[in-house]
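Chain residues, written in single-letter form:
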Amino acid sequence: MPIYEYQSFKSQNGCNQCLKGFEIFQGIHEDPLSTCPFCGNKIKKVISWCRSAISETPQEQRFVENRVKEYEKAGLWSHAAELADKHSDKTKDKNLQMRALDNYQKAGYNSDSLAKHIK
Ligand SMILES: [Zn+2]
């Protein structure tokens, strides 16, 4: 499902949503929005892209996060790092990516070899 990002046409006009920009799911055959659905202000399309094919439910995400947390609590840094790494690769979750890095470092990996993880 493509996600479109819209932003207020003029930076001084608009509501909280369109001034800083908002994302909206739209079907491929739907016409692009020209006015803000929140305030009716004129908006322009900023970006459109397809989210990574793998989307996951909040439950799955929570499960992984809890798992990572458990590993961290147990001091299993490399386990936590690998799980967070693999998962953030899949979901493009920046927070998780940083967390993976953090855990890799705690696990004793040196940060040079980790540079490839930062994109
Ligand atoms: Zn608006």
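Our structure is the block above this text.
Everything numeric here is computed off the predicted structure, so don't read it as measured data. In this numbering scheme, every chain counts its residues from 1 along its sequence in written order. Per-residue local features are limited, in this predicted model, to residues with pLDDT of at least 70; the limit for side-chain atom pairs, both in listing and counting, is 80 or more; totals at the level of whole chains, interfaces and linings are taken over all residues. Working from all heavy atoms in the structure, the side-chain values ignore hydrogens and water.

Enquirer: Got a sec to walk through the coordination of the zinc ion? Specific residues and values, please.
Expert: With distances of 2.2 to 2.3 Å, the protein atoms coordinating the zinc ion are Cys15 (SG), Cys18 (SG), Cys36 (SG) and Cys39 (SG). Listed donors are limited to N, O and S atoms within 2.8 Å of the metal, widened to 3.2 Å for Na, K and Ca; water is not among them, so incomplete-looking sites are possible. Metal sites are grouped by the angles between bound donors: all angles between 85 and 135 degrees with four donors is tetrahedral, opposite donors over 155 degrees apart with the others between 65 and 115 is square planar for four donors and octahedral for six, and any other pattern is irregular. In this structure, the zinc ion is coordinated by four donor atoms arranged in tetrahedral fashion, with angles at the metal of 107 to 114°. Binding-site remark: the zinc ion is held by donors from one chain whose sequence spacing is C-x2-C-x17-C-x2-C. Cys36 gets classed as buried once you look at its relative accessible area, which sits at 3%. Only protein chains enter the accessibility calculation, which uses a 1.4 Å probe. A residue is then buried if its area is under 20% of the maximum for its type, exposed if over 50%, and partly exposed in between.

Enquirer: Go over the packing of helix H2 (residues 58-74) against helix H4 (residues 94-106), please, and point to the residues and values.
Expert: Contact geometry for H2 and H4: axes closest at 12 Å, N-to-C directions at 20°. Comparing the axis directions of H2 and H4 gives the class roughly parallel. Seen along the crossing, H2 lies across H4 with a hand that is left-handed. Counted together, Glu65, Val68, Lys69 and Glu72 of H2 and Leu96, Arg99 and Asn103 of H4 form the full contact between these two elements. Considering only residue class, the contact of H2 with H4 consists of two nonpolar, one polar and four charged. Whenever a helix is involved, its axis is fitted only over the stretch in contact; in every case the axis is a line through C-alpha atoms, and angles between N-to-C directions fall within 0 to 180 degrees. Here a strand is any run of E in DSSP of at least two residues, a helix any run of H or I of at least four, and the numbering for each starts at the N terminus. Roughly parallel here means an angle under 35 degrees, roughly antiparallel means over 145, roughly perpendicular means 65 to 115, and every remaining angle is called oblique. If you view the pair so one helix is near and one far, a crossing is left-handed when the near helix is turned anticlockwise from the far one by less than a right angle, and right-handed when it is turned clockwise. Should any heavy atoms of two residues lie within 4.5 Å, those residues are considered in contact. Throughout this entry, Asp, Glu, Lys and Arg are counted as charged residues, while Ala, Val, Leu, Ile, Met, Phe, Trp, Tyr, Cys and Pro are counted as nonpolar. The remaining residues, Gly among them, count as polar.

Enquirer: Tell me about unusual backbone geometry, residues and numbers included.
Expert: Look at Lys92: it is not a glycine, yet its phi comes out positive at around 60°. Residue placement: Lys92 occurs in the loop between helix H3 (77-91) and H4.

Enquirer: Account for the pattern of salt bridges, with residues named and values stated.
Expert: In the sections that follow, a salt bridge refers to a side-chain nitrogen of Lys or Arg positioned within 4 Å of a carboxyl oxygen of Asp or Glu. Within the structure shown, the criterion is met by two salt bridges. For Glu72, the salt bridge goes to Arg99, with nearest N and O atoms at 3.0 Å. Of this pair, Glu72 sits in helix H2 while Arg99 sits in helix H4, and the two are 27 residues apart along the sequence. For Arg99, a relative accessible area of 25% gives the class partly exposed. Between Lys106 and Asp102 there is a salt bridge whose closest N-O contact spans 3.6 Å.

Enquirer: Residues and numbers for the packing of H2 against H3, please.
Expert: For the pair H2 and H3, the least separation of the axes is 7 Å and the interaxial angle reads 160°. Of the possible angle classes, the one that applies to H2 and H3 is roughly antiparallel. The crossing of H2 and H3 is left-handed. Of the residues in H3, those in contact with Gln61, Val64, Arg67, Val68, Tyr71 and Glu72 of H2 are Trp77, His79, Ala80, Leu83, Ala84 and His87.

From the geometry alone we can't say anything about function, so treat these as descriptive.
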